[in-house]
Amino acid sequence: MNTLPPPPGPLLLPVRDPRARDLVLDYAEMHALVADLVLPGGAPMYVMSALETSRELIRHSYYRYEFATVSVTHSLFALEHVLAERLATNEPLHDLIQRATDAGLITAELAVELDRSRLLRDKLTQGAESSAALRPARAIAMLRAVFDAVSLLLLPPSAAQATAADVGGAQPEGGLARLWEGHLRALFPDGFRGVDVDGVDLVLLDADVAGLVQRELRGGLDGSGVAYLWGCIAGLDKIVPLINEEYCASYFANLRTMARVAAAPYVPTAT
């Protein structure tokens, strides 16, 4: 016997969130936006569930704008799980992303996009961002990076490295050159000149990394240059999580990725 009281009136159908009005004309068009987010074959059930939920959250952001941001942060559960399994280590997500990049399992460009998602999650945790931080179109691009990374990480080691090279479109040296070109096009964060974070001067750190990357591209670093570069990376590891402004955090996260790619050939020497 049903003991629940009858509803007070007819059930209301969900309506489009007005903030999504410029995205698609109707809900049916949301399907096309996520059509290429294909679940990777052979993934553990936990990973499949997290990615499928993330994809559906994007679809339903038509009705609730905030679902787009939640979609990206939820997908990081799957990414972190796969990274920890593949690398056989349980470390913070930004360290796992860098380990996978250094091992050639994912491209440096993909790592940059994944780190943007990680930074967003951290800001939400700290209360520095709200669940309306991302437009659905931007969330789709960030979610696609997670899908691509998980697919690469589930491949056998040799296949993963070969596929990552194809995705990157060049060998490591070419990857560093592209990162350098992108860095030259990026503007230094407005309002952060002369600012130091936890004792690290941002302008000097930026200049130091730029000079070392140029030396690496022009012929390689000597022992002192390698040591100095790893010191810069340590500084970047310290400050990036402490920067609360989105563009500035992204700028220095990208700088850290470029520095690590430049240092990758010298890992055996540095360790």
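Since this is a predicted model, take the numbers as computed values, not measurements. (Residues numbered from 1 in each chain as written. Predicted model: local features only at pLDDT ≥ 70, side-chain atom pairs only at ≥ 80, totals over all residues. Heavy atoms only, no water.)

*Asks:* Would you mind going over helix α5 (residues 108-126) with me for this structure?
*Replies:* Side chains three or four residues apart in an α-helix point the same way, a direct result of the helix having 3.6 residues per turn. With 19 residues, α5 extends 27 Å between its outermost C-alpha atoms, agreeing within 8% with the 27 Å of an ideal straight helix rising 1.5 Å per residue. Between a side-chain oxygen at the N-terminus of α5 and the backbone nitrogen of leucine 110 the separation is 3.1 Å; the capping residue is threonine 107. Once α5 finishes, glycine 127 follows within two positions and takes phi at roughly 80°, a positive value. (Helix = DSSP H or I, 4+ residues; strand = E, 2+ residues; numbered from the N terminus. Expected span 1.5 Å × (residues − 1). Polar contact = N/O pair within 3.5 Å; in protein donor to acceptor, adjacent residues only side chain to side chain.)

*Asks:* Just to check I follow, could you spell out the pattern of salt bridges for this structure?
*Replies:* Side-chain pairs of opposite charge can arise whenever the charged atoms involved come near each other. On inspection of all chains with the given rule, the structure shows 19 salt bridges. Residue arginine 144 pairs with aspartate 36 through a salt bridge whose shortest N-O separation is 2.8 Å. With arginine 144 in helix α6 (residues 136-153) and aspartate 36 in the loop between α1 (28-33) and α2 (45-60), this residue pair connects regions lying 108 residues apart in the sequence. A salt bridge links glutamate 56 to arginine 59, with the shortest nitrogen-to-oxygen separation between them at 2.8 Å. Of this pair, glutamate 56 and arginine 59 both sit in helix α2, separated by three residues, roughly a single helical turn. Take glutamate 56: its relative accessible area is 25%, and that puts it in the partly exposed class. Relative accessible area serves as the criterion here: at 13%, arginine 59 is assigned to the buried category. One continuous salt-bridge network, built from bridges that share partners, spans Glu80, Asp102, Asp115, Arg118, Arg121, Asp122, Asp237, Arg256 and Arg260. (Salt bridge = Lys/Arg side-chain N within 4 Å of Asp/Glu carboxyl O. Buried < 20%, exposed > 50% of the residue type's maximum accessible area, 1.4 Å probe, protein only.)

*Asks:* How should the environment of alanine 103 be read in this particular structure?
*Replies:* By the secondary structure assignment, alanine 103 is in the loop between α4 (93-102) and α5. Spatially, the C-alpha atoms of alanine 103 and leucine 87 are 9.4 Å apart, while their sequence positions differ by 16 residues.

*Asks:* Please explain the side chain of glutamate 216 as it appears in this structure.
*Replies:* Tracing the chain through its elements places glutamate 216 in helix α9 (residues 202-218). Despite being buried, glutamate 216 has no salt bridge partner; arginine 215 is the closest side chain of opposite charge, sitting 8.2 Å away. In terms of polar contacts, glutamate 216 uses its side chain to reach the side chain of tyrosine 266, at 2.6 Å. Once residues lying within four places of it in the same chain are set aside, the contact partners of glutamate 216 are Leu176, Leu221, Ala262, Pro265 and Tyr266. (Lys, Arg positive; Asp, Glu negative; His and termini not counted. Contact = heavy atoms within 4.5 Å.)

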